[in-house]
Structure formats: C-alpha cells, structure tokens
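Here are the chains, one letter per residue:
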Amino acid sequence: MTATTTSIPDQKKVGMVSLGCPKALVDSERILTRLRADGYAMSPDYAGADVVLVNTCGFLDSAKEESLAAIGEAIVENGRVIVTGCMGEEADVIRAKYPQVLAVTGAHQYEQVVEAVHEAAPPSQGPFIDLIPQPDVKLTPRHFSYLKISEGCNHSCAFCIIPQLRGKLASRRVDAVLREAEKLVAAGTKELLVISQDTSAYGVDIRNEEREWKGHPVRAHMTDLARELGQLRTPEGITPWVRLHYVYPYPHVDAVIPLMAEGLLTPYLDIPFQHASPSVLRAMKRPANEAKVLERLKSWRETCPEIAVRSSFVVGFPGETEDDFRYLLDWLEDAQLDRVGAFRFEPVEGAAANALPDPVPEAVKEERYARIMEVTERISAAKLQAKIGKTIAVIIDEVGEADEDGDIGATGRSQADAPEIDGAVYLRNVPASLQQGDIVNVEVEDADAHDLFGVIA
C-alpha cells in the first residue's frame, strides 16, 4: 500500500497601504500582527497580494482625496481591496466612487477587518503550522516604535472631527501599556514615541485606575506612566529615549519636566497650541490662556534647559483678523519654540467651524502661512546655530554607502527631533561599524534653518 502525502498549501498574502498619522500606523501594525497569527503572509507589492488593505485618513478633505486615490490605485493594481481607517466612517462616499471594494470598516475596528480578510481570502494555513511564535509586525524601523496609550478624545474643538471618527477617550490599562513598552525595548527599540489623541488626558476615563506593575501599584496617569517608562533599559543597559507627543498643557504636565531633567524622559514636548490669540482660541473652543503658557515655558526651561518644544498652528481660521495673526507672530517671538508646523485652515465635513462667519480668503491664508513660516524658520535657524560647537546625542536612522573617497555618511536625529516631522542631523565620515539605531555623541559643525551637520565626537 502506498502512502499518500499532502503538501502544505501556499500562504495567502495580504498587502497594506497605510495613510495618515502615527496612530493609524499602529492600527496597521496590529491588524497585520493579527493576520500573521492567523497564517497570512505579508506581500510587499500589489501583484503578490491575495487582498489589499487600505488604511485611510479622513481628517481633512485633502487627506480624504489622498485616501480615495490610494483605494483607486489598489483597485487598478490588484482589484481585491478592503478599506479601513478614519475614512471608513464614510462608507457611502467610498462605495459611491468604488462600488467594487470588498468591505469598508472604521478606525481601529480590528476584528471586523480580520473577518473581512478571512471572507475575501480564507487562510490556507492554520496558525499552528509555524511552531515558533511570530513577533508583532512593525511598520517602523527596528530602533523606534510608536506606543499608543489611548484612543479617541473628549475635546470638541471646532475644527476637528476626531471624536466622531475615533470616539471618546478610551485609555488602555497601564500595565498593558508598560508590558508592550518593555517587550518593544527588549526586541531592540531604542526610542519609544508615546502617542494618543490627548496624551495628557490618559487615564481620565478610567479614573486613573491602579494596576500592579513590578511589585508596586501604578496609576493610569501620564506622570506615573512617564516615570515607569523612564525605568526601562535596553538589553545593553541603556535608557531608551521616551518622547511624548500630543500633550495638552494641563497643569500636571509640569510634573514630567523634572523627569526630563533627570534623564528618564527625552527632553521634548509636542504640544498642539494651534493659536495664541484669545479670540481665535475661543472660536476654536480651546483654552485661551496663552499668557500663562509663556510663564510655564519659562519655568520648564529653568527646570530642564535642554527641553525642546514643538507645536503646530492653524492660520486663516474663520474670523481670524490681521490683529489676531500679528498677536500670534508676537507670541511666537516670545515663546521661541524649537519646532513649529503651520497649516492653512481647511474646512472638514462635519466640523463646527464650517458654520462660523467671516471665512478668511484663500489668498490671505497663503500670505499668512508664508509669514508664519518665515518667522518660525528664523527662530529655528538661530536656535540651531547656537548648537554649533556643542556635543549632542544622536540616534542613527540610516547609514549610507562609502563614496569614491571611502567616506561614509549617516543620517540621524537629536533628542529635539521626532522622526518624519522634525529636522535631521547629517554626519560625515562615520565608521563602517556604525549601525541603524546606534546612539552616538556628535560634535555639531554647521546648521541651517532645520538641520544640523556634524561628526561623531
């Protein structure tokens, strides 16, 4: 009697296009991790994928257009497309343009996405074929990771529809966040980027509940979380960089500045101020305490002179007068922020700001945008010039190939630079042994308005 053998079928493959903010990128990582546990492989291109996921952004009309274009490209290149993410809340708009999409789900609806993939391309291999547990899927380089601590937001800012897209604040358990952070650092993460819609509000919805961690209670609260993250160490015994994003300037933010001075947290705060004029802030439905913010900035710098503060501002908000805008420019001169992004106001479907009177003409928005960028670039250039001759810590993002003279260049970031939104540090003549993720001391030799140039000290 001859024995029959059964060959193991090829794994079904999933492609992913991830658009939007780092929070959406974390959603993409979680979806792919779940699918890989179910026996799917990842496809780097359209051609090799049995189904393509498009994780959309729906915050601005321009982002929606980009999302629709990405869906269209995936349909042309592959044909079997599942849509998820923030724009998934507008399924009717997506289906009206692309009736052939297989399924549409909303933001962070992981179970529905996985079910849709199972239906569109049933897994051909069970999760038990590979007896070695697979690590979580990461869509960022190995040396830095986004750590999402909550979903949603309790604010009702007039220009924003995030609460409609992602719901009210929903904080994760503090021990779950710390366990994930510990796992990431053990796997090679040298920099943790803490993200949410409102990092300062972490734990408010769960009454700052306590959980046991390493033999002691820890509250679900930004300051407790930050202090515990500062205790993590890499396998080499190094304190990883811990960078706080989307921090609203609530009073308890003052308590994390000493942790930066002690070296437990990266001396960096990403605070979305949005404007400075009291009347515009009121129209935006945001706290209008710009004078107090200046006092606190001064206090933070006294406690931790190395602190870098980045922010973003909206110009051309409905009702913004020339006086309001000049107030903002004067405030920026006083605040001397290290990194600034500016955005022209753009109406978003469903946002309360659309109904406000006195819209600012597009030409005026453009002119104000140019003026704010001129002021902030001048401030940034002066701050970076002051770093020439100093030695700073730099994390390496990329190491180049040797040129004809054998010189190898590298690109990294200082503690004042978050990936993909701030500046870079360009290094010359680095050793061939230098690797991505290394943290080195760099002597700054030159600077422009955004970036630094130097050599390993």
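The name an unreviewed UniProt entry assigns to the protein is Ribosomal protein uS12 methylthiotransferase RimO, from the organism Altererythrobacter litoralis.

Caption draft 1: Region of the structure containing the packing of helix H6 (residues 174-186) against helix H7 (residues 222-229). At a minimum axis distance of 11 Å, the contact between H6 and H7 shows a crossing angle of 25°. In terms of their interaxial angle, H6 and H7 are classed as roughly parallel. The hand of the H6/H7 crossing is right-handed. Within the contact between the two elements, H6 uses Val-174, Val-177, Leu-178 and Ala-181 and H7 uses Leu-225, Glu-228 and Leu-229. Its residues assigned to classes, the contact of H6 with H7 comprises 6 nonpolar, no polar and 1 charged.

Caption draft 2: Quick peek at the UniProt feature "domain: TRAM" (unreviewed entry) in the protein. UniProt marks residues 385-457 with the feature "domain: TRAM" (unreviewed entry), using the numbering shown here. The span residues 385-457 is 1% helix and 42% strand, and its two end C-alpha atoms sit 18 Å from each other.

Caption draft 3: Quick look at the nonpolar core. Counting 54 residues, the largest nonpolar core has Leu-229, Val-256, Leu-269, Phe-313, Trp-331, Leu-337 and Ile-372 as the members making the most contacts within it. Ranked by size, the runner-up nonpolar core spans 18 residues in total, among them Leu-19, Ala-49, Val-52 and Ile-75.

Caption draft 4: Just the packing of helix H1 (residues 22-37) against helix H4 (residues 110-120), in detail. H4 packs onto H1 with a crossing angle of 45° between their chain directions and a minimal axis gap of 10 Å. Classified by the interaxial angle, the pair formed by H1 and H4 is oblique. Considering the relative orientation of H1 and H4, their crossing is right-handed. Within the contact between the two elements, H1 uses Asp-27, Arg-30, Ile-31, Arg-34 and Leu-35 and H4 uses Tyr-110, Glu-111, Val-113, Val-114 and Val-117. Class assignment for the residues of the contact of H1 with H4 results in 6 nonpolar, no polar and 4 charged.

Caption draft 5: Focus on the side chain of Ser-196. With respect to the helices, strands and loops of the structure, Ser-196 is situated in the loop between strand S9 (191-195) and strand S10 (210-213). Owing to a relative accessible area of 0%, Ser-196 belongs among the buried residues under this scheme. Polar side-chain contacts of Ser-196 include one of 3.1 Å to the backbone nitrogen of Asp-198.

Caption draft 6: Region of the structure containing helix H12 (residues 362-385). Here H12 spans 34 Å end to end across 24 residues, near enough to the 34 Å set by a 1.5 Å rise per residue. Restricting attention to buried positions, one finds in H12 the residues Lys-365, Arg-368, Ile-372, Met-373, Val-375, Thr-376, Ile-379, Ser-380 and Leu-384. Buried residues along H12 sit against strand S14 (308-315), helix H11 (322-335), strand S15 (339-344), strand S19 (439-447) and strand S20 (452-456).

Caption draft 7: Main features of the environment of Val-81. Relative to the elements of secondary structure, Val-81 occurs in strand S4 (residues 81-85). Here Val-81 falls in the buried class, since its relative accessible area comes to 1%. With near-sequence residues (within four places) excluded, Val-81 lies in contact with Val-52, Val-54, Ile-71, Ala-74, Ile-75, Val-101, Leu-102 and Ala-103.

Caption draft 8: Geometry of a negative patch on the surface. There is a patch of like negative charges on the surface, built from Asp-61, Glu-65, Asp-92 and Glu-349. Looking at the element boundaries, Asp-92 is found in helix H3 (residues 91-97).

Caption draft 9: Layout of the sheet that holds S20. Reading around the barrel, the 5 strands line up as S16-S17-S18-S20-S19 and close back on themselves, with mixed pairing between neighbours. Within the sheet, the average angular offset between the axes of one strand and its neighbour, ignoring direction, is 50°. Direction of pairing for strand S16 (residues 391-399) relative to S19: antiparallel, over a ladder of 5 bridges. Across the sheet, Ile-395 pairs through a bridge with Ile-439, a residue of S19.

Caption draft 10: Representation of the pattern of salt bridges within the structure. With the rule as written, the count across this model stands at 29 salt bridges. Its salt-bridge partner being Arg-339, residue Asp-417 comes within 2.3 Å of it at the nearest N-O pair. On the criterion of sequence distance, the pair formed by Asp-417 in the loop between strand S17 (410-414) and strand S18 (425-427) and Arg-339 in strand S15 is long-range, its members being 78 residues apart. Considered together, Asp-417 and Arg-339 belong to a single accessibility category, that of buried residues. Each member of the salt-bridge network shares a partner with another, and the members are Glu-320, Glu-322, Arg-326, Glu-367, Arg-368 and Arg-371.

Caption draft 11: The packing of aromatic side chains, seen in detail. Summed over all chains, the structure comprises 7 aromatic pairs. Ring centres of Phe-317 and Phe-345 lie 5.3 Å apart, and the angle between their planes is 75°; on these two criteria the pair is classed as edge-to-face. Of this pair, Phe-317 sits in the loop between S14 and H11 while Phe-345 sits in the loop between S15 and H12, placing them 28 residues apart in sequence. The same class applies to Phe-317 and to Phe-345, which are both buried. Grouped by ring-pair contacts, the aromatic residues Phe-273, Phe-313 and Trp-331 constitute a single cluster. Here the basic side chain of Arg-243 rests over the ring of Tyr-268, its NZ or CZ set 4.5 Å away from the ring centre. Between the NZ or CZ atom of Arg-413 and the centre of the ring of Phe-144, over which it lies, the distance is 5.5 Å.

Caption draft 12: Looking closely at the layout of surface pockets. Estimates place the volume of the second largest pocket at around 600 Å³. For the second largest pocket, the lining is made up of 27 residues, of which Pro-305, Glu-306, Ile-307, Lys-387 and Ala-416 are closest to its centre. Where the lining of the second largest pocket is concerned, the elements lending two or more residues are strand S12 (241-244) and S16. A total of 3 residues in the lining of the second largest pocket trace back to one element, the largest contributor, which is S16. Split into classes, the residues belonging to the lining of the second largest pocket amount to 15 nonpolar, 6 polar and 6 charged.

Caption draft 13: Just the pairing of strand S6 (residues 144-148), in detail. Along S6, 5 of the 5 residues are buried, which leaves the element largely enclosed by surrounding structure. Residues of S6 alternate between two faces, with Phe-144, Tyr-146 and Lys-148 on one and Ser-145 and Leu-147 on the opposite face, all of them buried. Pairing of S6 with S9, which is carried by 5 bridges, proceeds in the parallel orientation. Pairing of Lys-148 across the sheet is with Ile-195, part of S9.

Scoring rules and cut-offs
Residues numbered from 1 in each chain as written. Predicted model: local features only at pLDDT ≥ 70, side-chain atom pairs only at ≥ 80, totals over all residues. Heavy atoms only, no water. Axes fitted to C-alpha atoms, helices over the stretch in contact; angles between N-to-C directions. Helix = DSSP H or I, 4+ residues; strand = E, 2+ residues; numbered from the N terminus. Parallel < 35°, antiparallel > 145°, perpendicular 65-115°, else oblique. Left-handed = near helix turned anticlockwise from the far one by under 90°. Contact = heavy atoms within 4.5 Å. Nonpolar A, V, L, I, M, F, W, Y, C, P; charged D, E, K, R; others polar. UniProt positions renumbered as here; feature names shortened; annotations may be inferred. Core = buried A, V, L, I, M, F, W, Y, C linked by side-chain atoms within 4.5 Å. Buried < 20%, exposed > 50% of the residue type's maximum accessible area, 1.4 Å probe, protein only. Polar contact = N/O pair within 3.5 Å; in protein donor to acceptor, adjacent residues only side chain to side chain. Expected span 1.5 Å × (residues − 1). Patch = residues over 30% accessible without salt bridge, like charges linked within 9 Å, V, L, I, M, F, W, Y side chains within 5 Å. Areas by Shrake-Rupley, 256 points an atom, 1.4 Å probe, with all protein chains shown as cover. Salt bridge = Lys/Arg side-chain N within 4 Å of Asp/Glu carboxyl O. Lys, Arg positive; Asp, Glu negative; His and termini not counted. Charge placed at Lys NZ, Arg CZ, Asp CG, Glu CD. Pairing = 2+ DSSP bridges. Phe/Tyr/Trp six-rings, centres within 6.5 Å; stacked < 30°, edge-to-face > 60°. Lys NZ or Arg CZ within 6 Å of the ring centre and 35° of its normal. 1 Å grid on protein atoms, 1.4 Å probe; cavity = no way out; pocket = protein on both sides within 12 Å on 5 of 7 lines; lining within 4 Å. Points joined across faces, edges and corners; volume = space filled by probe spheres on them.

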